[in-house]
Amino acid sequence: FDSHPPHRPLYGRHVLVTAGPTHEPIDPVRYIANRSSGKQGFAIAEAAAAAGARVTLVAGPVVLQTPPGVERFDVETAREMAEAVNEALPADVAVMVAAVADWHVENRAGQKIKKNGHGLPPLELVENPDILAGLGQSPGKPPLLIGFAAETDNVIDYAVDKRQRKGADWIVANDVSGDVMGGRENTVHIVTADGVEDWERMDKERVAVKLVERIADALSR
Ligand code: CTP
Ligand code: CA
């Protein structure tokens, strides 16, 4: 009897994934958000489930089907995402793929803001909680904590800095200077304590499968 057959290397593990954008309301019809289709995060959740893990997927607003075998919680704002992540703990691995909005609007309007009359609406922005950094500092930090960093320039330098600043074990640095956003493919670099691994451009499903293999390998050590 083997409870860890080679094709289900994450059997018995809990993998937490965040995916998609968050939306921060300005008024009932408008919001602030980062661009994110959610495809990469959903692909990672799917690959982890296929590898035998119990998978919790905390998803911002996206139009994607829940992958088979994945438990999904839908949220809208960064603060809701932070709460859902905390409720999903403990986890053996957390993969924070979400493009979390950096700010929310403190003075959000209860009614639709009208253009006519009073000039531009003053938006008071307040920084959102950093979910990844919060996990990195918490006593409940998952043994393997993985962040993503979408960058248009100085990709590696920023990712190395984010890894240290946020207390992540790995950062998957994502070069978004091309047409990655919403696209099928991704070019990533895996930044760990041991250095940087450059992966060739490949489709997001393949990135997910390779990353899950790398996770299973790290957990088995
Ligand atoms: N992240 C998070 N909570 C936030 C912001 C970011 O959990 N409020 C996570 C993302 O899910 C990602 C990582 O942190 O895994 C890096 O996100 P990124 O936006 O690149 O980092 P920031 O610190 O917000 O830096 P930047 O100024 O480049 O946006
Ligand atoms: Ca950000």
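In what follows, the structure referred to is the one given above.
Residues numbered from 1 in each chain as written. Chains lettered and ligands numbered in written order. Predicted model: local features only at pLDDT ≥ 70, side-chain atom pairs only at ≥ 80, totals over all residues. Heavy atoms only, no water.

A.B. asks: Would you take a moment to explain the pattern of salt bridges for this structure?
C.D. replies: Working definition: two side chains of opposite charge can pair if their charged atoms are close together. Within the structure shown, the criterion is met by 10 salt bridges. D74 is the partner of R72 in a salt bridge, and the nearest nitrogen-oxygen pair spans 2.8 Å. On the basis of relative accessibility, which here comes to 22%, the residue R72 falls in the partly exposed class. According to the relative accessible area criterion, D74 is exposed, its value standing at 54%. (Salt bridge = Lys/Arg side-chain N within 4 Å of Asp/Glu carboxyl O. Buried < 20%, exposed > 50% of the residue type's maximum accessible area, 1.4 Å probe, protein only.)

A.B. asks: Even after reading the chapter, I still don't get a nonpolar patch on the surface, so can you show me in this structure?
C.D. replies: Together, W103, L123 and L125 make up a nonpolar patch on the protein surface, roughly 290 Å² of accessible area in all. Structurally, L125 is set in strand 8 (residues 125-127). The class for L125 is partly exposed, based on a relative accessible area of 44%. (Patch = residues over 30% accessible without salt bridge, like charges linked within 9 Å, V, L, I, M, F, W, Y side chains within 5 Å. Areas by Shrake-Rupley, 256 points an atom, 1.4 Å probe, with all protein chains shown as cover. Helix = DSSP H or I, 4+ residues; strand = E, 2+ residues; numbered from the N terminus.)

A.B. asks: Just to check I follow, could you spell out the pairing of strand 3 (residues 30-33) for this structure?
C.D. replies: Consecutive side chains along a regular strand alternate between the two faces of the sheet. Of the pairings in the sheet, the one linking strand 2 (residues 23-27) to strand 3 comprises 4 bridges and is antiparallel in character. Pairing of D27 across the sheet is with R30, part of strand 3. Following strand 2, the chain reverses through 2 residues before pairing antiparallel with strand 3. (Pairing = 2+ DSSP bridges.)

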